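Analysis of the macromolecular model
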Amino acid sequence: IEPISIAVGMAAGFLNRYLPNYESILSYFYERCQPEWISFNQTGLKTDLENRLFGQHLASRIILKSLNDFMSNDNPKKPLVLSLHGSAGTGKNFVTKLIVENIYKEGMKSKNVHFFNSFLHFPHHSPISACKTQLQQWIKSSVSNCERSMFIFDEMDKMHPGLIDSIKPYLDYYDELDGVSYRKSIFIFLSNDGEKSIIETALDFWRAGRNREEIDLTDLEESLSFSIFNNENSGFFHSSLIKDNLVDFFVPLFPLEYSHVVQCIMAEMKIRASKGEGLPDLDVANKVAKEWRYFPKTERAFSSTGCKTIESKLDYYTSNKIPRHRPPRRAEGSAKLQ
Ligand SMILES: Nc1ncnc2c1ncn2[C@@H]1O[C@H](COP(=O)(O)OP(=O)(O)OP(=O)(O)O)[C@@H](O)[C@H]1O
């Protein structure tokens, strides 16, 4: 009997000691809606924006300021809604990833980060009412689980306006909706809407020989919202989300210049070097960047595809097969200006 009672006593002691910590042990291994897993690394984001995002001074400034203010406010009046605009390959998805990585320990894999692509998740042939219900339920249940949820909508301009309108209540100034508060969530919309006016502004500065870093939001705000409102093909235009002022910040991403393409190639080379695949070489980066397509044809001011497809171009180049005149996936905005 003696050894049994000793064993029972030891087991009781063990459980007493560790059971109260059961939750914290679990939260050590499994992602929870807790500061260990979700907290804003302001310095990390600042450093990433300065060192990893090229040619986007205005986007960097707006994103950093809006997130600093929002994440340090314990009682925001509404969720943060950012709408990122710009042509293909200028860094909309990339900067979103930087934001996510500096809030969620698990980055894009976090179960509290929800990424939707209009084509993939809401194909136009699907019944809109079913999509609306599913999307609303998804948002509600995610925020019920974790108030610090993030929702990213890519290709927002291709999204059905009815679907955009169905998320409006969650973006508004409500304390709660059916017992759920959405005020600490973040919504990020990505689209090509407004690219024409962003390109035109950047081109005006380029032609005037002015530094693009001098471009201020005031130079753009009016023309950007005008061009979004007047794009009849856009889901944004047809939805009432903009009209009702539910977007907190419009974030313009400028077309990238030759020097930014070189920076992107060098960044990719550094990633490869860290995996033991060669060394960064500025001469090679310059050679690859020269093979890029630029617009307008005469001035060759901006890259037609931003920094997109760098990996494959670098692959081609390093295997001595440079892709010449490969059509960019999407360069409608640039074509108009040629
Ligand atoms: N401004 C930038 N600074 C650094 N890297 C960039 C930048 N823009 C693009 N890149 C690089 O190019 C890749 C493609 O860019 P990204 O997916 O962010 O483009 P996008 O603006 O979202 O384009 P799309 O409108 O076609 O979705 C990124 O993964 C990143 O490696």
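In this report, we go over the structure that sits alongside the text. (Residues numbered from 1 in each chain as written. Predicted model: local features only at pLDDT ≥ 70, side-chain atom pairs only at ≥ 80, totals over all residues. Heavy atoms only, no water.)

A look at the pattern of salt bridges
- For the structure shown, the criterion picks out 17 salt bridges.
- Here Glu50 makes a salt bridge to Lys46, at a shortest N to O gap of 3.1 Å. Of this pair, Glu50 and Lys46 both sit in helix 3 (residues 42-52), separated by four residues, roughly a single helical turn.
- Owing to a relative accessible area of 40%, Lys46 belongs among the partly exposed residues under this scheme. (Salt bridge = Lys/Arg side-chain N within 4 Å of Asp/Glu carboxyl O. Helix = DSSP H or I, 4+ residues; strand = E, 2+ residues; numbered from the N terminus. Buried < 20%, exposed > 50% of the residue type's maximum accessible area, 1.4 Å probe, protein only.)

Focus: unusual backbone geometry
- The linkage connecting Phe295 with the following residue, Pro296, adopts the cis geometry, with an omega of -15°.
- As for its position among the elements, Pro296 is in the loop between strand 6 (294-295) and strand 7 (302-303).
- Even without glycine at this site, Glu155 takes up a positive phi of about 55°.
- Within the secondary structure layout, Glu155 lies in the loop between strand 3 (150-154) and helix 8 (161-166).
- On the basis of relative accessibility, which here comes to 10%, the residue Glu155 falls in the buried class.
- Phi at Asp178 takes a positive value of approximately 50°, unusual for a residue other than glycine.
- Of note, Asp178 is situated in the loop between helix 9 (168-171) and strand 4 (186-191).

Comments concerning the state of the cysteines
- Going through the model one piece at a time under the given rule, you end up with two disulfides.
- Residue Cys33 pairs covalently with Cys146 via a disulfide, S to S 2.1 Å. As the torsion about the S-S bond is roughly 70°, the Cys33-Cys146 disulfide counts as right-handed. Within this pair, whereas Cys33 is found in the loop between helix 2 (22-29) and helix 3, its partner Cys146 is found in the loop between helix 7 (128-145) and strand 3, the two being separated by 113 residues in sequence.
- One disulfide bridge connects Cys264 with Cys307, the sulfur atoms lying 2.0 Å from each other. Handedness of the Cys264-Cys307 disulfide follows from its S-S torsion of about 90°: it is right-handed. Of this pair, Cys264 sits in helix 13 (residues 258-274) while Cys307 sits in the loop between strand 7 and helix 15 (310-318), and the two are 43 residues apart along the sequence. (Disulfide = S-S within 2.5 Å.)

Re the sheet that holds strand 4
- The five strands lie next to each other as 2-3-4-1-5, forming an open sheet whose pairing is parallel. Only two strands of the sheet have a single partner each, and these edge strands are strand 2 (113-117) and strand 5 (249-253). With strand direction ignored, the average angle separating the axes of adjacent strands in the sheet is 15°.
- Running at roughly 165° to strand 4, helix 5 (residues 92-101) makes contact with strand 1 (80-86), strand 2, strand 3, strand 4 and strand 5 of the sheet.
- Sheet contacts for helix 7: strand 2, strand 3 and strand 4; angle to strand 3, the most-contacted strand, approximately 150°. (Pairing = 2+ DSSP bridges. Axes fitted to C-alpha atoms, helices over the stretch in contact; angles between N-to-C directions. Contact = heavy atoms within 4.5 Å.)

Focus: the packing of aromatic side chains
- Evaluation of the coordinates by the stated rule reveals seven aromatic pairs.
- Their ring planes at 50° and their centres at 4.7 Å tell us that Tyr170 and Tyr182 sit as a pair that is tilted. Pair noted here: Tyr170 is in helix 9 and Tyr182 is in the loop between helix 9 and strand 4, with a separation of twelve residues, a long-range link.
- Using a relative accessible area of 8% as the deciding quantity, one classes Tyr170 as buried.
- Given the relative accessible area of 4%, Tyr182 is considered buried. (Phe/Tyr/Trp six-rings, centres within 6.5 Å; stacked < 30°, edge-to-face > 60°.)

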